[in-house]
Amino acid sequence: MIALVALITLPATVSFLIFCSIRYWKEIMLVKQPRTHHLTNTYARHYNRQGCEVSVKELDSLLTLLAEKKRKMEQEEAERNTRILLEFLCCLRKQKLDELNEIQTDLQYIKEDINAVERQRIEICRAKDRCSLKLRMFADDPNSQFVTQSGPIASKKKWVHAQFNDLQDCYLQKRRNWARQGYKEEERDTDIMNREGYNPGLEDFKSVLTNFTRYSRLRAVAELRHGDLFHSANIVSSIEFDRDDELFATAGVSRRIKIFEFSSVMNEPADAHCPVVEMSTRSKLSCLSWNKYTKNHIASSDYEGIVTVWDVTTRQSIMEYEEHEKRAWSVDFSRTEPSMLVSGSDDCKVKIWSTKQEASVLNIDMKANICSVKYNPGSSIHVAVGSADHHIHYYDLRNISQPLYVFSGHRKAVSYVKFLSSNELASASTDSTLRLWDVKDNLALRTFRGHTNEKNFVGLTVNSEYIACGSETNEVFVYHKAISKPAARHKFSTDLENDGDDAGSYFISAVCWKSDSPTMLTANSQGTIKVLVLAE
């Protein structure tokens, strides 16, 4: 009776809510244990007979079951969240433990190396004292003192701290690499280990640090004008030393190859520099390559797609290859097979030539324009190709169906590729970066930033330790191969009075090291050629 009165007196809205709750409870409980299922069926039959009429007791039971279901769902959700949190914390702990182990290992390396360097420093100081004592014994003044200048040391310390992060990465990388390699006892340099007690990784880093702190600037030691006073086409596209570094050749949009004696440029006044050989061409020139075996042979590529081999002695072309259909950007003689040369063109083709025959001996069809080609200095069957597709394609010429490796990382066209060694390849791009690659292990080693290069060919040159390039700020930049920031730079001056608004548009257009020396040739779009030397 009480239940009936309560149900009768319930507002219509409340009755509707109870009905909905019962329906929801019925649906979610059908999949539960048999008892709940039986109860649901009983209530269902009751609802069918009585409509929505329900007692307060039955309503309490329904609400209790719904509350229990809610609590269970909340507990399951809390358990899931707790499990996710626990997994995250475990992963974080593992990561930090790995980092801690790496830091502890690094600290052990540093401790060992500090001890080794301290021992070596003590030995050096003792040897220096003995030497100083002997010098004082032979000197006229027995009280003479030998004072070490602190200026250069302070300057080098400042330079090291300015590049500290890069040097730190270099040290740890070399130290860890040697540890991972698990080098054998017999492979160690016994002289180094016995004399200095240095780990090979530390010895490698010492060499980098010594070379990196040896120079901090570029000094101009000679200058000459490549272009004619009344000739506006002065851009030097290519500048290259010959086999013996006695001659160097220049070429560009002036349609002439000029050969200079390096010693004359260094020793004679700037106004007296004249080429010893000059050869005219039909088209603007893009690239030069001296034959490293036959001293008087040089190859050129031009804007009409013609690849020419010249005899500098007779000033005549000895071979002309005209298979390219568009502008040829690059040409290179093989070092190991001097009769072979490679060229790349805007026609998306790489061609291999032989000076012993008139037609190309091999043709590689690619999908994008070719900006640069280079033979591996230690192999006549491996060629690196810099492409407008932002990639470097590394080919084994015995199988040209696909590249051996494709190096990716540049964001714009790859304008130059040059080998530092048989395993190390440098590339330049109009994304304002240089990159260093390991062509043996297919690895990206380092990215160099500092110069500006967004639209022009600004030159690239390498030796065993340094990489140099031009910049659209009319500067030359030098990088040590182990450090991503510039080691030195030099800005070409402009005649603001005569050049006016054009002064800001000049850029470096060609660079070339003199073998492994600190001397380099540089040229800009104004036609100015400078001899620069790395200096402290």
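Quick caveat, the model's predicted, so the values are computed rather than measured.

**Observations concerning the overall build of the protein chain**
- Along its length, the protein chain carries 10 helices and 28 strands.
- Counting every position in the protein chain, which comprises 536 residues, the buried fraction comes to 45%.
- Residue pairs in contact within the protein chain that sit at least 24 positions apart in sequence constitute 50% of those at least 6 positions apart.
- Surface exposure of the protein chain reaches about 29400 Å², of which carbon and sulfur atoms provide 52%.

**Some words on the pattern of salt bridges**
- Using the criterion set out here, one finds 21 salt bridges in the structure.
- The residue Lys 295 makes a salt bridge to Asp 242 at a minimum N-O spacing of 2.4 Å. In this pair, Lys 295 is assigned in the loop between strand S6 (285-290) and strand S7 (297-302) and Asp 242 in the loop between strand S2 (236-241) and strand S3 (247-252), connecting sequence segments 53 residues apart.
- Put simply, Lys 481 and Glu 424 hold a salt bridge, and the shortest N to O gap is 3.4 Å. On the criterion of sequence distance, the pair formed by Lys 481 in the loop between strand S24 (475-480) and strand S25 (486-491) and Glu 424 in strand S19 (residues 424-429) is long-range, its members being 57 residues apart.
- Under the relative-accessibility criterion, Lys 481 is labelled buried at 16%.
- What emerges from the salt-bridge pattern is a single network uniting Asp 242, Arg 243, Asp 244, Glu 246 and Lys 295.

**Brief notes about the packing of helix H6 (residues 164-181) against helix H8 (residues 200-214)**
- Contact geometry for H6 and H8: axes closest at 7 Å, N-to-C directions at 155°. On the basis of their axis angle, the class for H6 and H8 is roughly antiparallel. Here H6 and H8 pass one another in a crossing that is right-handed. For the pair H6 and H8, contact is made by Leu 167, Cys 170, Tyr 171, Lys 174, Arg 175 and Trp 178 and by Pro 200, Gly 201, Leu 202, Asp 204, Phe 205, Val 208, Leu 209 and Phe 212, respectively.
- When grouped by side-chain class, the residues that make up the contact of H6 with H8 number 10 nonpolar, 1 polar and 3 charged.

**Topic: the pairing of strand S14 (residues 370-375)**
- Among the 6 residues that make up S14, 5 are buried, leaving the element largely enclosed by the rest of the structure.
- The pairing of S14 with strand S15 (residues 382-387) spans 5 bridges and is classified as antiparallel. Looking at the pairing, Val 373 lines up with Val 385 of S15.
- Once S14 ends, the chain turns through 6 residues before running back antiparallel as S15.

**Observations concerning the nonpolar core**
- Among the nonpolar cores identified, the biggest contains 15 residues, and Ile 239, Phe 248, Val 265 and Leu 521 are the most heavily contacted of them.
- If you tally residues by element for this core, the top one is S2, at 3 residues.
- Not counting the four nearest positions on each side in its chain, Ile 239 is found in contact with Phe 248, Ala 249, Thr 250, Ala 510, Val 511, Cys 512, Leu 521 and Ile 529.

**Focus on the sheet that holds strand S11 (residues 340-345)**
- Judged by pairing direction, the sheet is antiparallel, and its 4 strands sit side by side in the order S10-S11-S12-S13 without closing on themselves. Each having just a single partner strand, strand S10 (328-333) and strand S13 (362-365) make up the two edges of the open sheet. Ignoring which end each strand starts from, the neighbouring axes of this sheet average 15° apart.
- When S11 meets strand S12 (residues 349-354), the two strands line up antiparallel, connected through 5 bridges. What sits directly across from Ser 343, in S12, is Lys 351.

**Regarding H6**
- Taking 1.5 Å of rise per residue, 18 residues should cover 26 Å, and H6 covers 26 Å from first to last C-alpha, within 8% of that figure.
- By the burial criterion, the buried members of H6 are Asp 166, Leu 167, Cys 170, Tyr 171, Leu 172 and Arg 175.

**Some thoughts on H8**
- Between its terminal C-alpha atoms H8 stretches 21 Å, which fits the 21 Å expected from 15 residues at 1.5 Å a residue.
- Within H8, burial applies to Pro 200, Gly 201, Leu 202, Glu 203, Phe 205, Val 208, Asn 211, Phe 212 and Thr 213.
- The residue sitting at the N-terminus of H8 and contributing the capping side-chain oxygen is Asn 199; that oxygen lies 2.6 Å from the backbone nitrogen of Gly 201.

**Side note on the state of the cysteines**
- In the structure shown here, the tally under the stated rule is 0 disulfides.
- In this structure Cys 90 is a free cysteine whose sulfur lies 7.0 Å from that of Cys 91, the closest cysteine sulfur available.
- Overall, Cys 90 belongs to the partly exposed group, its relative accessible area being 34%.

**What to know about the sheet that holds strand S18 (residues 414-419)**
- Across the sheet, 4 strands lie side by side as S18-S19-S20-S21; this open sheet has antiparallel pairing. Of all strands in the sheet, those bounded by a partner on one side alone are S18 and strand S21 (443-449). The average undirected angle you get between the axes of adjacent strands in this sheet is 20°.
- Bridging between strand S20 (residues 433-438) and S21 involves 6 bridges; their strand directions are antiparallel. Paired with Arg 435 across the strands is Thr 447, a residue of S21.

**A look at unusual backbone geometry**
- Its identity is not glycine, yet Arg 315 carries a phi of approximately 60°, on the positive side.
- Given a relative accessible area of 42%, Arg 315 falls into the partly exposed group.
- Although it is not a glycine, His 390 sits at a positive phi angle of roughly 80°.
- Judged by its relative accessible area of 30%, His 390 falls in the partly exposed class.

**Things to note about the pairing of S20**
- Counting buried residues in S20 gives 6 out of 6 residues, a clear majority hidden from the surface.
- Residues of S20 alternate between two faces, with Thr 433, Arg 435 and Trp 437 on one and Leu 434, Leu 436 and Asp 438 on the opposite face, all of them buried.
- Relative to S20, S19 is paired through 6 bridges, and the arrangement is antiparallel. If you follow Glu 424 over to S20, its bridge partner there is Asp 438.
- Linking S19 back to S20 in an antiparallel pair, the connection comprises 3 residues, with Ser 432 at a positive phi of about 65°.
- A loop of 4 residues connects S20 with S21, the two strands running antiparallel in sequence, and Asn 442 in this loop sits at a positive phi of about 60°.

**Digging into a nonpolar patch on the surface**
- Together, Leu 85, Phe 88, Leu 89 and Leu 92 make up an exposed nonpolar region whose accessible area comes to about 370 Å².
- The topology assignment puts Leu 85 in helix H4 (residues 56-138).

**Re the confidence of the model for the protein chain**
- Considering every residue of the protein chain, the mean pLDDT works out to 84; 79% of them sit at 70 or more.
- The model gives residues 184-192 a pLDDT under 50, and that stretch makes 7 contacts with residues more than four places away or in other chains.

Parameters at a glance
- Residues numbered from 1 in each chain as written.
- Predicted model: local features only at pLDDT ≥ 70, side-chain atom pairs only at ≥ 80, totals over all residues.
- Heavy atoms only, no water.
- Helix = DSSP H or I, 4+ residues; strand = E, 2+ residues; numbered from the N terminus.
- Buried < 20%, exposed > 50% of the residue type's maximum accessible area, 1.4 Å probe, protein only.
- Contact = heavy atoms within 4.5 Å.
- Areas by Shrake-Rupley, 256 points an atom, 1.4 Å probe, with all protein chains shown as cover.
- Salt bridge = Lys/Arg side-chain N within 4 Å of Asp/Glu carboxyl O.
- Axes fitted to C-alpha atoms, helices over the stretch in contact; angles between N-to-C directions.
- Parallel < 35°, antiparallel > 145°, perpendicular 65-115°, else oblique.
- Left-handed = near helix turned anticlockwise from the far one by under 90°.
- Nonpolar A, V, L, I, M, F, W, Y, C, P; charged D, E, K, R; others polar.
- Pairing = 2+ DSSP bridges.
- Core = buried A, V, L, I, M, F, W, Y, C linked by side-chain atoms within 4.5 Å.
- Expected span 1.5 Å × (residues − 1).
- Polar contact = N/O pair within 3.5 Å; in protein donor to acceptor, adjacent residues only side chain to side chain.
- Disulfide = S-S within 2.5 Å.
- Patch = residues over 30% accessible without salt bridge, like charges linked within 9 Å, V, L, I, M, F, W, Y side chains within 5 Å.
- pLDDT = per-residue confidence, 0-100.

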